[in-house]
Amino acid sequence: GLRHVAELCYHKAHYAASKIAAIPGFSIAMEGIFFNEFVVTCPVSPKKINAILLNKNIIGGYDISNLVENGMLISVTELNSKDEIDQLVQALSYINI
């Protein structure tokens, strides 16, 4: 039920965060506990990244550069498959620093 959905969100978000943080130029902006949303500091503007991702049919994160320099809020839910997360990570790994 609901507990299972929550666990899927949590584990998928943490999987995505660890993979994105391993990409040169990207980092998790805030330390601490999170559920299914996290902030990533990007090597270039999130606006540019989101345009690149959209060309690959991937919806990127929410640009929060007004709060965190080159900050992008990423949300992962139970509906995001591991393959989709891996596609996002692969696309981000090709962003020119």
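Whatever comes next refers back to the structure up there.
In this report, we go over the structure that sits alongside the text. (Residues numbered from 1 in each chain as written. Predicted model: local features only at pLDDT ≥ 70, side-chain atom pairs only at ≥ 80, totals over all residues. Heavy atoms only, no water.)

**Description of the pairing of strand E2 (residues 37-41)**
(1) Moving on: Direction of pairing for strand E1 (residues 27-28) relative to E2: antiparallel, over a ladder of two bridges. By the bridge assignment, Ile28 is partnered in E2 with Val40.
(2) Moving on: Pairing between E2 and strand E4 (residues 71-75): five bridges, direction antiparallel. In the sheet register, Glu37 faces E4, and the bridge partner there is Ser75. (Pairing = 2+ DSSP bridges. Helix = DSSP H or I, 4+ residues; strand = E, 2+ residues; numbered from the N terminus.)

**Remarks on the side chain of Asn36**
(1) Moving on: Checked against the element boundaries, Asn36 lands in the loop between E1 and E2.
(2) Moving on: You can call Asn36 buried: its relative accessible area is 16%.
(3) Moving on: Those residues in contact with Asn36 that lie beyond four places of it in its chain are Cys9, Ala13, Ile74, Ser75, Val76 and Thr77. (Buried < 20%, exposed > 50% of the residue type's maximum accessible area, 1.4 Å probe, protein only. Contact = heavy atoms within 4.5 Å.)

**Quick word on helix H3 (residues 82-93)**
(1) Moving on: Over its 12 residues, H3 runs 16 Å from end to end, which matches the ideal 16 Å to within 8%, given 1.5 Å per residue.
(2) Moving on: Along H3, the residues classified as buried are Ile85, Leu88, Val89, Ala91 and Leu92. Looking down the long axis of H3, one finds its buried residues gathered within 165° of arc, a one-sided arrangement.
(3) Moving on: The elements touched by buried residues of H3 are helix H1 (2-21) and helix H2 (46-55). (Expected span 1.5 Å × (residues − 1). Arc of directions from axis to C-beta.)

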